[in-house]
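An overview of the molecular structure
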Amino acid sequence: MLKHVHLTKSQWLGILKWSLYGLLTLAVLLLQSVVLSQLPVFGVKLAPLPVLIVCVCIWEGSEKGGIYAILATLFWCLSGSDFGNISVAVIPIGAMLSAVLCRAVLTLRFLPAALCCLGVTLVNASAIFVFKLILPPTVAIDSFWRILLPGVFLSMLFMPIHYALVKLISRIGVHDAL
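Report follows, based on the coordinates. (Residues numbered from 1 in each chain as written. Predicted model: local features only at pLDDT ≥ 70, side-chain atom pairs only at ≥ 80, totals over all residues. Heavy atoms only, no water.)

**As for the packing of aromatic side chains**
- Within this structure, the stated rule accounts for five aromatic pairs.
- For the pair Tyr-21 and Tyr-68, a centre-to-centre distance of 6.1 Å together with 45° between the ring planes defines the contact as tilted. With Tyr-21 in helix α1 (residues 9-36) and Tyr-68 in helix α3 (residues 62-78), this pair connects stretches of sequence that are 47 residues apart. Each member of the pair Tyr-21 and Tyr-68 is classed as buried.
- Three or more aromatic residues joined by ring pairs form one cluster here, namely Trp-18, Tyr-21 and Tyr-68. (Phe/Tyr/Trp six-rings, centres within 6.5 Å; stacked < 30°, edge-to-face > 60°. Helix = DSSP H or I, 4+ residues; strand = E, 2+ residues; numbered from the N terminus. Buried < 20%, exposed > 50% of the residue type's maximum accessible area, 1.4 Å probe, protein only.)

**A few points about the environment of Ala-99**
- Checked against the element boundaries, Ala-99 lands in helix α4 (residues 84-105).
- Between the C-alpha atom of Ala-99 and that of Ser-62, which follows or precedes it by 37 residues, the distance is 5.3 Å.
- Discounting chain neighbours no more than four positions away, the residues touching Ala-99 are Cys-57, Ile-58, Gly-61 and Ser-62. (Contact = heavy atoms within 4.5 Å.)

**Description of the pattern of salt bridges**
- Evaluated as defined, the whole model comprises one salt bridge.
- The salt bridge involving Lys-17 is made with Glu-60; its shortest N-O contact spans 3.6 Å. Placement of Lys-17 in helix α1 and of Glu-60 in helix α2 (residues 49-60) is noted, with a sequence separation of 43 residues between them. For the pair Lys-17 and Glu-60, a shared accessibility class is recorded, and that class is buried. (Salt bridge = Lys/Arg side-chain N within 4 Å of Asp/Glu carboxyl O.)

**Brief notes about the packing of α2 against helix α5 (residues 110-134)**
- The geometry of α2 relative to α5 is characterised by a closest axis approach of 9 Å and an angle of 135° between their N-to-C directions. Regarding the angle of α2 to α5, the classification is oblique. Our pair here, α2 against α5, has a crossing hand that is right-handed. Of α5, the residues touching α2 (which contributes Pro-50, Val-51, Val-54, Cys-55 and Ile-58) are Ala-113, Cys-116, Cys-117, Val-120, Thr-121 and Asn-124.
- Taken together, the residues that form the contact of α2 with α5 break down as nine nonpolar, two polar and no charged. (Axes fitted to C-alpha atoms, helices over the stretch in contact; angles between N-to-C directions. Parallel < 35°, antiparallel > 145°, perpendicular 65-115°, else oblique. Left-handed = near helix turned anticlockwise from the far one by under 90°. Nonpolar A, V, L, I, M, F, W, Y, C, P; charged D, E, K, R; others polar.)

**Some details on the layout of surface pockets**
- There is about 840 Å³ of room inside the largest pocket.
- Residue assignment for the lining of the largest pocket shows that the elements contributing at least two residues are α1, α5 and α6 (143-155).
- Of the residues contributing to the lining of the largest pocket, the split by class is 13 nonpolar, 12 polar and three charged.
- For the second largest pocket, the lining is made up of 13 residues, of which Lys-17, Glu-60, Lys-64, Ile-172 and Val-174 are closest to its centre.
- Elements that contribute at least two residues to the lining of the second largest pocket include exactly α1 and α2.
- It is α1 that contributes the most residues to the lining of the second largest pocket, five residues altogether.
- The residue makeup of the lining of the second largest pocket, split by class, is six nonpolar, four polar and three charged. (1 Å grid on protein atoms, 1.4 Å probe; cavity = no way out; pocket = protein on both sides within 12 Å on 5 of 7 lines; lining within 4 Å. Points joined across faces, edges and corners; volume = space filled by probe spheres on them.)

**Some details on a nonpolar patch on the surface**
- A contiguous nonpolar patch, built from Leu-16, Leu-20, Leu-23, Leu-26, Leu-30, Leu-31, Val-34, Val-35, Leu-39 and Phe-75 and spanning about 850 Å² of accessible area, is present on the exposed surface.
- Tallying contributions element by element places α1 first for the nonpolar patch, with eight residues.
- Look at Leu-23 and you get exposed, because its relative accessible area is 55%. (Patch = residues over 30% accessible without salt bridge, like charges linked within 9 Å, V, L, I, M, F, W, Y side chains within 5 Å. Areas by Shrake-Rupley, 256 points an atom, 1.4 Å probe, with all protein chains shown as cover.)

**Some remarks on α6**
- In this model α6 runs 17 Å from its N-terminal to its C-terminal C-alpha over 13 residues, within 8% of the 18 Å that 1.5 Å per residue would give.
- Taken as a whole, α6 has its buried residues at Ser-143, Phe-144, Leu-148, Leu-149, Gly-151, Val-152, Leu-154 and Ser-155.
- The inward-facing, buried residues of α6 contact α2, α5 and α7 (159-170). (Expected span 1.5 Å × (residues − 1).)

Structure (structure tokens):
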């Protein structure tokens, strides 16, 4: 049965591209959940995965990137993320809106992508904070300024690395289709 399956060069490059995105996502998820959760920076746990998801969605477009965002946040949620079900709702919508915004209104450059990543990460962290504040209250209101905002801004330190890697991976197979 498999001897009748013939893949073109562009299909193989597409498989390579999405496999690299998957490996990058897995590496960032492991970094976030194993290393960064045990070593808080200035008392703040960093979350670089939402930044990566938005970067991929911006470079791949709202359709392909949106599917990636849904699958990546679902994988993150199922890995045991704190209030990951909120992230499954917030991050893909924000990432797809960012992709549309960066492609239609803004230019596909670093600064607009960074602002979109910051916005989605801030909205995601704020939504989780509100649920932690309301459903049995486990956080104080002042931790928004002391923990949440510094955590979001420090997570943005990963943006240049993610942006550069995603930009390189997104070029795989582009010239072959022309």
